[in-house]
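# Topology and contacts: notes
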Amino acid sequence: MQIANNAVVAIDYTLRDTEGEVIDASPEGQPLQYLHGAGNIIPGLEKALEGREAGDDVDVSIPPEEAYGERDDRLQQDVPRSMFEGVDNIEAGMRFQAQTQSGTQVVTVAAVSGDQVTVDANHPLAGQTLNFKVKVSDVREASDEEIEHGHVHGE
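Residues numbered from 1 in each chain as written. Predicted model: local features only at pLDDT ≥ 70, side-chain atom pairs only at ≥ 80, totals over all residues. Heavy atoms only, no water.

What follows is about the overall build of the protein. Each helix and strand counted, the protein has two helices and nine strands in total. In sequence order, the secondary structure elements of the protein are arranged as β-β-β-α-β-β-β-β-β-β-α. In terms of overall dimensions, the protein is more spread out than a globule: its C-alpha atoms have a radius of gyration of 19 Å, far above the 15 Å expected for 155 residues. The C-alpha extent of the protein, read off along each of the three principal axes, is 60 × 40 × 30 Å. When the 155 residues of the protein are sorted by exposure, 32% land in the buried category. Put simply, the protein has 10 plus and 30 minus side-chain charges, and the middle of one group is 5 Å from the middle of the other. (Helix = DSSP H or I, 4+ residues; strand = E, 2+ residues; numbered from the N terminus. Rg over C-alpha atoms; globule rule 2.2 N^0.38 Å. Buried < 20%, exposed > 50% of the residue type's maximum accessible area, 1.4 Å probe, protein only. Lys, Arg positive; Asp, Glu negative; His and termini not counted. Charge placed at Lys NZ, Arg CZ, Asp CG, Glu CD.)

A word on unusual backbone geometry. Positive phi values are uncommon outside glycine, yet N6 reaches one of about 70 degrees. Checked against the element boundaries, N6 lands in the segment before β1 (7-16).

The next thing to look at is the UniProt feature "domain: PPIase FKBP-type" (unreviewed entry) in the protein. According to UniProt, the positions carrying the feature "domain: PPIase FKBP-type" (unreviewed entry) are residues 6-80. From the first C-alpha to the last, residues 6-80 spans 46 Å; its make-up is 9% helix and 39% strand. (UniProt positions renumbered as here; feature names shortened; annotations may be inferred.)

On to the pattern of salt bridges, then. Opposite charge on two side chains makes pairing possible when the charged atoms of those side chains draw close. This model, assessed by the stated rule, comprises six salt bridges. The salt bridge partner of K47 is E66, with a shortest N-O separation of 3.1 Å. Pair noted here: K47 is in helix α1 (residues 43-49) and E66 is in the loop between β4 (57-62) and β5 (76-80), with a separation of 19 residues, a long-range link. With relative accessibility at 26%, the residue E66 sits in the partly exposed group. Two residues, R140 and E146, come together in a salt bridge whose shortest N-O distance is 2.9 Å. On the basis of relative accessible area, R140 is assigned to the partly exposed category, the value being 30%. Looking at E146, the relative accessible area reads 3%, which means it is buried. (Salt bridge = Lys/Arg side-chain N within 4 Å of Asp/Glu carboxyl O.)

Another aspect to go through is the pairing of β4. Burial of β4 is one-sided: the residues V58, V60 and I62 facing one way are buried, the residues D57, D59 and S61 facing the other way are not. The pairing of β4 with strand β9 (residues 130-141) spans six bridges and is antiparallel. Residue pairing for β9: D59 is matched across the bridge by K133. (Pairing = 2+ DSSP bridges.)

Put into structure tokens, the structure is as follows:
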């Protein structure tokens, strides 16, 4: 079966940055399963897997605009340290959930200076070209329930 919309796909993958450093990988023997066409993975990878079959190997570089987008400096903001109630030690790299007008947003602490904390709402991989090495391990038809819910269900 070829990968197409409403197929459940299982992939083993390794994700590297442009310097070749591993950013992420599927655990050994635990392929990532997703519902193709439901927006469960980045658009560029989904496009690269379209039409592939179980057993196929795919090496692909995904530019930022087909992954997590370009970095947007407008998504950085200085906020008072007092907004982090109950957190004694705030350090760059820490992540928090912030309540915004559009719902919950994950932010990363970019810098701490005195009573000011700079937070960044960009995705950590925004602005990066992502290099995937993928092995398609399985492709099957999704159940009606999986299609209705927009994601893969367990065994």
